[in-house]
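# Coordinates in review
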Amino acid sequence: AKVKGEAHEAARMHRVELDRTQVKLGKQEEKMAAIEARVEAEVQEEKRRRYANMRKERDEWHRLEVRRGLLVSQRQSCAQPFAHLADLTGIRFEPGTSRSEFALRRLVDQFHETEERVSSLQQFCELKGREEQGLQAEVNALREVMDAHVRAQAVSEHAKEEDSMARAARAQLVAQRAIDLANLEAHGR
């Protein structure tokens, strides 16, 4: 009975110890689950950070590529007028060389000379235009005087014609009266 009591006591102690071990195991499993959840969260956060960084780098790369394209386009659009100027003037402009400063100075000097000539021609054209307007006004005034003179001459000629016709009519009337008088005298005798 003592052995049985000891065995029973040992089985109870074993169950208590087993319960304590299971409680410890449960706590360990909870800690392990919490650690695994934390690790998983950190892994996910690291993935999000890497994705965000990768996207940021890709966006930055894209922005830089667009900027590069814009700059290349601007460079080409700036080079075209210089090429056109070089074709027109025969002066070659090579950016980044010491000759380019001299060539640029020559281009600018030629531009200023051309601008002075253009300005002088514009002033000449304006002066000629004003002179032509003045001459046209004189021509118009002379035409008006000439037209007035022609009208006056036409009126004068018309008046002379009317005067001639009136004299001729009076002369004819006088002649008719003389004929009538001669006819009366001839019949009356």
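In short, a report on the structure. (Residues numbered from 1 in each chain as written. Predicted model: local features only at pLDDT ≥ 70, side-chain atom pairs only at ≥ 80, totals over all residues. Heavy atoms only, no water.)

### Concerning the overall build of the chain
What the chain contains, in helices and strands, is two helices and zero strands. A compact globule built from 189 residues would reach a C-alpha radius of gyration of about 16 Å, whereas the chain, at 62 Å, exceeds it by more than 25%. With respect to the principal axes defined by its C-alpha atoms, the chain has extents near 220 × 65 × 20 Å. Taking all 189 residues of the chain together, the buried fraction comes to 3%. Summing over all exposed atoms, the chain offers an accessible surface of approximately 17300 Å²; the carbon and sulfur share of this is 58%. Here the chain contributes 34 positively and 34 negatively charged side chains, and the mean placements of these two sets differ by 11 Å. (Helix = DSSP H or I, 4+ residues; strand = E, 2+ residues; numbered from the N terminus. Rg over C-alpha atoms; globule rule 2.2 N^0.38 Å. Buried < 20%, exposed > 50% of the residue type's maximum accessible area, 1.4 Å probe, protein only. Areas by Shrake-Rupley, 256 points an atom, 1.4 Å probe, with all protein chains shown as cover. Lys, Arg positive; Asp, Glu negative; His and termini not counted. Charge placed at Lys NZ, Arg CZ, Asp CG, Glu CD.)

### As for the pattern of salt bridges
Tallied over the entire structure, the rule returns nine salt bridges. Where salt bridges share partners, they join E45, E46, R48, R49 and R50 into one cluster. (Salt bridge = Lys/Arg side-chain N within 4 Å of Asp/Glu carboxyl O.)

### Side note on a nonpolar patch on the surface
There is a patch of nonpolar side chains on the surface, built from M32, I35, V39 and V43 and spanning about 320 Å² of accessible area. Locating M32 in the fold gives a position in helix α1 (residues 2-89). (Patch = residues over 30% accessible without salt bridge, like charges linked within 9 Å, V, L, I, M, F, W, Y side chains within 5 Å.)

### Focus on the environment of R167
Take R167: it is sitting in helix α2 (residues 98-188). A distance of 2.4 Å separates a polar atom in the side chain of R167 from a polar atom in the side chain of D163. (Polar contact = N/O pair within 3.5 Å; in protein donor to acceptor, adjacent residues only side chain to side chain.)

Any functional reading would require information beyond the geometric quantities listed.
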